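Observations on chain architecture
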Amino acid sequence: MRSLNQITETALAGQFPDISEGVQLFTEAPLQNLMALGNILRQKQHPDNKVTWIIDRNVNITNICLSGCKFCNFYRTAHQEDAYITTLHEYFRKIDEMQQLGGNQLLLQGGMHPRLGLDFYQQLFHDLKQHFPTLRLHALGPPEVVHLANMESLSFKEVLQQLVNAGLDSLPGAGAEILTERVRRFLSPVKCSAQEWLDVMRAAHELDLTTSATMMFGHIETVEERVQHLIALRTLQSEKPAGHKGFLNFIPWPFQDENTLLKEKYGVTNKVTPEEYIRMIALSRIMLPNIPHIQASWLTVGKETAQLSLHAGANDFGSIMIEENVVSVAGATNTFDAPGIRQAIRDAGFIPVQRDQDFRYIP
Ligand code: SF4
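Residues numbered from 1 in each chain as written. Predicted model: local features only at pLDDT ≥ 70, side-chain atom pairs only at ≥ 80, totals over all residues. Heavy atoms only, no water.

1. Observations concerning the nonpolar core
Filter applied, for reference: Among buried residues, the Ala, Val, Leu, Ile, Met, Phe, Trp, Tyr and Cys ones that are joined through side-chain atoms within 4.5 Å form a nonpolar core. Partly exposed residues are those whose accessible area sits between 20% and 50% of the maximum for their type, while under 20% is buried and over 50% is exposed, using a 1.4 Å probe and protein chains only. We count a stretch as a helix when DSSP gives it H or I for four or more residues in a row; a strand needs E for two or more, and each element gets its number in order from the N terminus. Here, two residues are considered to be in contact whenever any of their heavy atoms come within 4.5 Å of each other.
Counting residues in each nonpolar core, the largest one holds 102 residues, and the members touching the most others are Tyr-91, Leu-106, Leu-108, Phe-125, Leu-128, Trp-197 and Phe-317. Broken down by element, this core gets its largest block of residues, 8 residues, from helix H12 (residues 274-287). When residues no more than four places from it in sequence are discounted, the contact partners of Leu-106 are Arg-57, Val-59, Tyr-91, Ile-95, Met-98, Leu-128, Leu-135, Arg-136, Leu-137 and His-138.

Here you go:
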């Protein structure tokens, strides 16, 4: 076994620590050492002391979903009273509100609806773009792409290409949870497998579609499985065609347990402490030298922990809160407006810079 110092040297040289080294760093390195290493690696990639943030708006296309993930309290069956499909009128109203706040990107997420096919999403994207030609659509995610590919008997790449033709600008890394089959079989057996999630992202990278990656941790996974998740992402990233964007950012967040089946029936609660979260941020920076941006999820961990994360490897603060449903329903209650997020970044010792989905600065 290599010493922590030797593993640190590997990371500082920009090389990839392996699985056992990642586990060793996470479980044995003193917090201040792990934070310092994450911070040094972040400074190497982003020496300008800037922390980015974005104004976007999460609108849910539908809450009807056949997946039934045990950690999700958002989904409904089609027959439930409060099941919905968002109307065009609602989108237009919400986009108007967002644009008045200075945002221009819609994060469109929803469930795996049993009947809505590719033509529904193509029409939706087309209608939104026709009404708001400069609007950016960061929409769906690998589970929906796999679901649509199965419904339409198309390849992942064909589905993505048709969505891009209709107006899709970038693909969120939603539905990753933990990318190991053991965890997914228990948490979300109907949803795409880990391999399918990665295959959709591979197809997106071949099309040079901007993507992000996520991880929801702190439920039934082991530390080793968290590290496997990071290594799967970094391996895929290193396979992307030269010059293509691939994953631009990585967003880890702790499982939000309130009102979820996972808590109510299986007794699994979120036990992630602020220290553990900051360790995960630092480990993410160390294990993912080929993914440029690491986002602190202030929505799920709160302002203070997110601010500390900026000293452990994170360089992005995510979006102000206009609307978000899945983690809000499950207990995340933090909020920020634009002045608040800028002040929080300044208070942490950094320069706030507004960005778009491709991490281009907005003056
Ligand atoms: S997390 Fe997504 S896929 Fe799973 S049940 Fe909820 S809406 Fe459906």
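Don't stop here, the text continues.
2. Section: the sheet that holds strand E9 (residues 316-319)
Stated formally: Only when DSSP finds a minimum of two bridges between them are two strands counted as paired. To define axes, lines are fitted to C-alpha atoms, for helices over the stretch in contact only, and angles between the resulting N-to-C directions are given on a 0 to 180 degree scale.
On the basis of which strands lie adjacent, the open sheet formed by 3 strands has the order E9-E1-E10 and parallel pairing. Each edge of the open sheet is held by one strand with a lone partner, namely E9 and strand E10 (351-354). Direction aside, the axes of adjacent strands within the sheet are offset by 25° on average. As paired elements, strand E1 (residues 50-54) and E10 share 4 bridges and run parallel to each other. Among the inter-strand pairings, Trp-53 is bridged to a residue of E10, identified as Gln-354.

3. Focus: the site of the ligand
Rules: It suffices for a single heavy atom of a residue to lie within 4 Å of a molecule or strand for the residue to be listed as near it. Side-chain classes follow a simple rule in which Ala, Val, Leu, Ile, Met, Phe, Trp, Tyr, Cys and Pro form the nonpolar group, Asp, Glu, Lys and Arg form the charged group, and the remainder, Gly included, forms the polar group.
Around the ligand, the neighbouring residues are Cys-65, Ser-67, Gly-68, Cys-69, Phe-71, Cys-72, Phe-74, Tyr-75 and Lys-191. When the residues that make up the shell around the ligand are grouped by side-chain class, the tally is 6 nonpolar, 2 polar and 1 charged.

4. So, the packing of helix H1 (residues 4-12) against helix H3 (residues 31-45)
Note the threshold: To sort the angles, those under 35 degrees are grouped as roughly parallel, those over 145 as roughly antiparallel, those from 65 to 115 as roughly perpendicular, and the leftovers as oblique. Each helix crossing is assigned a hand: it is left-handed if the near helix lies turned anticlockwise from the far helix by less than a right angle, otherwise right-handed if that turn is clockwise.
Between H1 and H3, the least distance of the axes is 10 Å, while the angle of their chain directions is 15°. On the basis of the axis angle, H1 is roughly parallel to H3. H1 and H3 meet at a crossing whose hand is right-handed. Contacts from Thr-8, Ala-11 and Leu-12 in H1 reach Leu-37, Ile-40, Leu-41 and Lys-44 in H3. Its residues placed into classes, the contact of H1 with H3 shows 5 nonpolar, 1 polar and 1 charged.

5. A short note on the packing of aromatic side chains
Operational definition: We call Phe, Tyr and Trp rings a pair once their centres come within 6.5 Å, taking the six-membered ring for Trp, and we label the pair stacked below 30 degrees between planes, edge-to-face above 60, and tilted otherwise.
For the coordinates displayed, the defined rule picks out 7 aromatic pairs. Look at Phe-120 and Tyr-121: their rings are 5.1 Å apart centre to centre, the planes differ by 90°, and that puts the pair in the edge-to-face class. In this structure Tyr-121 comes out as buried when scored by relative accessible area, which is 3%. Judged by centre distance (6.4 Å) and plane angle (15°), the rings of Phe-217 and Tyr-277 are stacked. With Phe-217 in strand E6 (residues 210-217) and Tyr-277 in helix H12, the pair connects residues that are 60 residues apart, well separated along the chain. Using a relative accessible area of 0% as the deciding quantity, one classes Phe-217 as buried. One aromatic cluster is present, formed by Trp-298, Phe-317 and Phe-336 through successive ring pairs.

6. Here we look at the pattern of salt bridges
Pairing between side chains of opposite charge can happen when the charged atoms of each approach one another. Defined as follows: In the sections that follow, a salt bridge refers to a side-chain nitrogen of Lys or Arg positioned within 4 Å of a carboxyl oxygen of Asp or Glu.
Following the criterion strictly, the structure yields 21 salt bridges and no others. For Glu-177, the salt bridge is made with Lys-191, and the minimal N-O distance between the two is 3.1 Å. Residue Glu-177 is found in the loop between strand E5 (170-171) and helix H8 (181-187), and its partner Lys-191 is found in the loop between H8 and helix H9 (194-206); the two are separated by 14 residues along the sequence. Here Glu-225 and Arg-182 are joined by a salt bridge, their closest N and O atoms 2.7 Å apart.

7. With respect to helix H10 (residues 223-239)
Note the following rule: Helices are assigned an expected span. That span is 1.5 Å times one less than the residue count.
For H10, spanning 17 residues, the distance from its first C-alpha to its last is 25 Å, which sits close to the expected 24 Å at 1.5 Å a residue. Considered for burial, the residues of H10 that qualify are Glu-225, Arg-226, Val-227, His-229, Leu-230, Ile-231, Leu-233, Arg-234, Leu-236 and Gln-237. Buried residues along H10 sit in contact with helix H2 (19-28), H8, H9, E6, strand E7 (247-254) and H12.

8. As for the environment of Gly-267
Note on placement: Gly-267 falls in the loop between helix H11 (261-264) and H12. A C-alpha to C-alpha distance of 9.7 Å links Gly-267 and Asp-257, two positions 10 residues apart in sequence.

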